Amino acid sequence: MIVESEEDRRIAGNLLTIRHYIKAKFPGYTMTEHSVPSLYHQFTVTNEKLHKSYTLKVNWSRLSDRRNTSERTRLSLNSGFVASGMVRAGDTFYSW
């Protein structure tokens, strides 16, 4: 039996919050993810019709920080204008 730690639950909740945010901000885009545990988690959204692609790289420390609840992460995404940062970054990635 695998017991999920508090940190694992927090990370999963934060990742889910980020997924919802990105899907809402980039409707019609497909999303892929890549994770390097303890370093970062990367989200890439792509719209083949528009030939556009944007990447968000989230530091692992942000995902695992016990102060970052899902609600606080949601508020930070919105107040930090993360989606517009992704667009401004263009072909590179936006680090958050």
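Residues numbered from 1 in each chain as written. Predicted model: local features only at pLDDT ≥ 70, side-chain atom pairs only at ≥ 80, totals over all residues. Heavy atoms only, no water.

> Help me understand the packing of helix α1 (residues 6-25) against helix α3 (residues 70-79), please; the structure alone is not making it clear to me.
The description of two packed helices rests on the angle between their axes and on the distance between the axes. Between α1 and α3, the shortest axis-to-axis distance is 9 Å and the interhelical angle comes to 35°. Where α1 crosses over α3, the two elements pack in a sense that is right-handed. Together, G13, N14, T17, I18, Y21 and K25 of α1 and S70, T73, R74, L77 and N78 of α3 make up the contact between the two elements. Among the residues forming the contact of α1 with α3, the class breakdown is 3 nonpolar, 6 polar and 2 charged. (Axes fitted to C-alpha atoms, helices over the stretch in contact; angles between N-to-C directions. Helix = DSSP H or I, 4+ residues; strand = E, 2+ residues; numbered from the N terminus. Left-handed = near helix turned anticlockwise from the far one by under 90°. Contact = heavy atoms within 4.5 Å. Nonpolar A, V, L, I, M, F, W, Y, C, P; charged D, E, K, R; others polar.)

> Just checking my understanding: could you explain the sheet that holds strand β2 (residues 40-47) for this structure?
Either a parallel or an antiparallel arrangement is found when strands of a sheet pair, and the pairing is made through backbone hydrogen bonds. The mixed open sheet is built from 4 strands, whose spatial order is β1-β2-β3-β4. Since the sheet does not close on itself, it has two edges, and those belong to β1 (30-36) and β4 (93-95), each with one partner. With direction set aside, neighbouring strand axes in the sheet form an average angle of 20°. Here β1 pairs with β2 via 7 bridges, running antiparallel. Along β2, the bridge assignment pairs T30 with T46. Its contacts with the sheet place α1 against β1, β2 and β3 (52-59), and it is angled at close to 20° to β2. (Pairing = 2+ DSSP bridges.)

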